[in-house]
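Chains, contacts and geometry: an overview
Below are the chains, spelled out letter by letter.
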Amino acid sequence: MALYIHPDIQSLNPYVPGKPVDELQRELGLDRVIKLASNENPVGPSPKAVAALAEEHASLHRYPDGGGYRLRHAIADRWKVGSDQVILGNGSDEILGLLARAFLAPGDEAVMADHTFVIYKMEVTAAHGKPVTVPLVDWTHDLDAMARAITPRTRLLFVCNPNNPTGTMVDADAVSRLMDRVSQDIVVVFDEAYFEYVRDPQFPDSIRYVKEGRNAIVLRTFSKIYGLAGLRIGYGITTPEIAGILNRIRPPFNANSLAQRAALAALGDDDHVANSRAVNVAGMEQVGRGLRELGFEPIPSEANFLYFDVKRDGRRVFESLLREGVIVRHIEGTMLRVTIGQAEDNTVFLHALKRVLTV
Ligand SMILES: *Cc1c(COP(=O)(O)O)cnc(C)c1O
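Calculation notes
- Residues numbered from 1 in each chain as written.
- Predicted model: local features only at pLDDT ≥ 70, side-chain atom pairs only at ≥ 80, totals over all residues.
- Heavy atoms only, no water.
- Helix = DSSP H or I, 4+ residues; strand = E, 2+ residues; numbered from the N terminus.
- Rg over C-alpha atoms; globule rule 2.2 N^0.38 Å.
- Areas by Shrake-Rupley, 256 points an atom, 1.4 Å probe, with all protein chains shown as cover.
- Axes fitted to C-alpha atoms, helices over the stretch in contact; angles between N-to-C directions.
- Parallel < 35°, antiparallel > 145°, perpendicular 65-115°, else oblique.
- Contact = heavy atoms within 4.5 Å.
- Buried < 20%, exposed > 50% of the residue type's maximum accessible area, 1.4 Å probe, protein only.
- Pairing = 2+ DSSP bridges.
- Patch = residues over 30% accessible without salt bridge, like charges linked within 9 Å, V, L, I, M, F, W, Y side chains within 5 Å.
- Salt bridge = Lys/Arg side-chain N within 4 Å of Asp/Glu carboxyl O.
- Core = buried A, V, L, I, M, F, W, Y, C linked by side-chain atoms within 4.5 Å.
- Domains from an automatic or database assignment.
- Buried area = accessible area lost by both parts, 1.4 Å probe.
- Polar contact = N/O pair within 3.5 Å; in protein donor to acceptor, adjacent residues only side chain to side chain.
- Nonpolar A, V, L, I, M, F, W, Y, C, P; charged D, E, K, R; others polar.
- Phe/Tyr/Trp six-rings, centres within 6.5 Å; stacked < 30°, edge-to-face > 60°.
- Lys NZ or Arg CZ within 6 Å of the ring centre and 35° of its normal.

1. Considering the overall build of the protein chain
Scanning the protein chain from N- to C-terminus turns up 14 helices and 12 strands. Taking 2.2 N^0.38 as the reference for a compact globule, 359 residues should give roughly 21 Å; the C-alpha atoms of the protein chain span a radius of gyration of 20 Å, in line with that estimate. With the C-alpha coordinates aligned to their principal axes, the bounding extent of the protein chain is approximately 60 × 55 × 50 Å. Accessible area of the protein chain: about 16300 Å², with a carbon and sulfur share of 52%.

2. Some details on the packing of helix α5 (residues 92-103) against helix α10 (residues 240-249)
In the contact formed by α5 and α10, the axes pass within 9 Å of each other and the chain directions differ by 95°. Taken together, α5 and α10 sit at an angle that is classed as roughly perpendicular. For the pair formed by α5 and α10, the contact residues are Ile95, Leu98, Leu99, Arg101, Ala102 and Phe103 on the first element and Ile242, Ile245, Leu246 and Ile249 on the second.

3. Some remarks on the pairing of strand β3 (residues 109-113)
For β3, a buried count of 5 out of 5 residues is recorded, marking the element as mostly surrounded by other parts of the structure. Of the two faces of β3, the one carrying Glu109, Val111 and Ala113 and the one carrying Ala110 and Met112 are both buried. Note that β3 and strand β4 (residues 130-134) share 5 bridges and pair parallel. In the sheet register, Met112 faces β4, and the bridge partner there is Thr133. Judged from the 3 bridges that link them, β3 and strand β5 (residues 154-160) form a sheet pairing that is parallel. Each residue of the ladder has a partner; that of Val111, found in β5, is Leu157.

4. Concerning a nonpolar patch on the surface
Taken together, Leu3, Ile5 and Ile9 make up a surface patch of nonpolar side chains, about 300 Å² in accessible area. In this fold, Leu3 is placed in the segment before α1 (7-10).

5. Regarding the sheet that holds β5
As summarised here, the arrangement of the 7 strands in space is β2-β8-β7-β6-β5-β3-β4, forming an open sheet in which the pairing is mixed. Edge positions in the open sheet fall to β2 (86-89) and β4, since each of these has one partner strand only. On average, adjacent strands in this sheet sit at an angle of 20° to one another, irrespective of strand direction. Across the sheet, helix α4 (residues 69-79) touches β2, β7 (216-221) and β8 (234-238), and the angle it forms with β2 is around 130°.

6. Here's the deal with the nonpolar core
Judged by nonpolar contacts, the single largest core of 55 residues is most densely connected at Ile75, Val188 and Phe222. At 6 residues, the largest contribution of residues to this core is made by helix α11 (residues 257-267). The contacts of Val188, once residues within four sequence positions are left out, are Leu157, Val159, Leu178, Met179, Val182, Asn215, Ala216 and Ile217. In this structure, Ala37, Val287, Val317 and Val328 belong to the second largest nonpolar core, which totals 28 residues.

7. So, the sheet that holds strand β11 (residues 329-332)
Two modes of strand pairing occur in sheets, parallel and antiparallel, and in both the strands are linked by backbone hydrogen bonds. Spatial strand order, β9-β12-β11: 3 strands in an open sheet with antiparallel pairing. In this open sheet, the two strands that pair with only one neighbour each are β9 (305-309) and β11. On average, each strand axis in the sheet is tilted by 25° relative to the strand beside it, whichever way the strands run. Summarising the sheet, β9 and strand β12 (residues 335-339) pair through 5 bridges and their orientation is antiparallel. By the bridge assignment for β12, Leu306 is matched with Val338.

8. Remarks on the domain arrangement of the protein chain
On domain assignment, one finds that the protein chain holds domain 1 (16-44 + 271-357) and domain 2 (47-267). For domain 1 versus domain 2, the distance between C-alpha centres works out to 26 Å. Considering only the side of domain 1, the residues that lose the most area to domain 2 are Arg277, Ile299 and Glu302, jointly responsible for 31% of the buried surface there. Inspection of the domain 1/domain 2 interface yields 9 residue pairs in polar contact (both at pLDDT 80 or more). For the side of domain 1 that touches domain 2, the elements supplying multiple residues, two or more each, are α12 (270-293), β9, β11 and β12. When its residues are assigned to classes, the side of domain 1 that touches domain 2 shows 10 nonpolar, 9 polar and 4 charged.

9. Here we look at the packing of aromatic side chains
Within this structure, the stated rule accounts for 11 aromatic pairs. Seen in terms of ring centroids, Phe190 and Tyr209 are 6.4 Å apart; in terms of plane orientation they differ by 20°. Their pairing is stacked. Here Phe190 is found in strand β6 (residues 187-191), whereas its partner Tyr209 is found in helix α9 (residues 207-211), with 19 residues between them in sequence. Of the residues examined, Phe190 reaches a relative accessible area of 0% and is grouped as buried. For Tyr209, a relative accessible area of 5% puts it in the buried group. Measuring from ring centre to ring centre gives 5.7 Å for Phe222 and Tyr235, while their planes differ by 45°; the resulting arrangement is tilted. Note that Phe222 is positioned in the loop between β7 and β8 and Tyr235 in strand β8, a separation of 13 residues in sequence. Just as Phe222 is buried, Tyr235 falls in that class too. Counting every residue linked through ring pairs, the aromatic cluster contains Trp79, Phe195 and Phe203. Directly above the aromatic system of Trp79 lies the positively charged group of Arg220, at a separation of 4.7 Å from the ring centroid. The aromatic ring of Phe305 is capped on one face by Arg337, whose charged end is 5.6 Å from the ring centroid.

Okay, here's the thing in structure tokens:
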């Protein structure tokens, strides 16, 4: 008998992650591979986090603290919320899945941008919900149009801020107008994976809405500026009610003990964050200038990556760059996304791109 597969699941394609360095080295026999594909921190992890890991080794036979006590309290102190308002995830990706499962009945709608983090669509569909996509305007979320896309079936609304893959942000005024129009039967998800990189002072204080008792959740992660992507840990700040709902379906040991311990140390490592920001500012400048010299116009970015139109088949440019040992991300059509690296890697990328374009 044939396996029954729900049509929603059948409609999904496996997530394609950035190509791992080892894999490309094996395939092409290259000595040097530069990965600028997954918005990882080129500085590496916080040294304090790495040191803290060692302290956890002797306890690895124990299950993690399922309640994540120390880390949740540290996050709560940092953002001046109650510890019952913090939920930990196996990456913030996992919290996106919990939200979809918790709030969507079959056919319920989730409003999102048409050009944003692909996990939203995947999780909503896997939960048998219906993604409702709203076109970006100037590569930016159109929050007014997103508010208009709300129907009686809408349960979730995703704001990726800054947006991946475009790097653009929506400001405090736009978010305030949105929140004036969204009713309390909808959960607004502010996915702020790149929050610590943002420089624009108009960036919204989205945690404010949580503190006001609005049905909202702010997602942050240790995978980006904190440099702990391999450990898989992120968090959400929300109302005690929503945290309680998510906790009903959260796998009990979703945040592992190494991740909890390293995240706690990374959260207190302000020097690492400041240094990582500075490296990104300088790299952003360097790569932006380099791309403009090659005739491209990268979209102004508040994150740690640049999105640009290569004005030719993006897949072919992506593949040619792979043969040069440089991994970037082909998003669609003529658009590529490149993560800002350390100066030397940025130079290698720009030279490789130049070579690829002239052959
Ligand atoms: C990287 C990223 C995340 C988080 O990833 P995790 O590693 O699962 O914490 C979430 N949202 C966006 C938009 C991202 O780019």
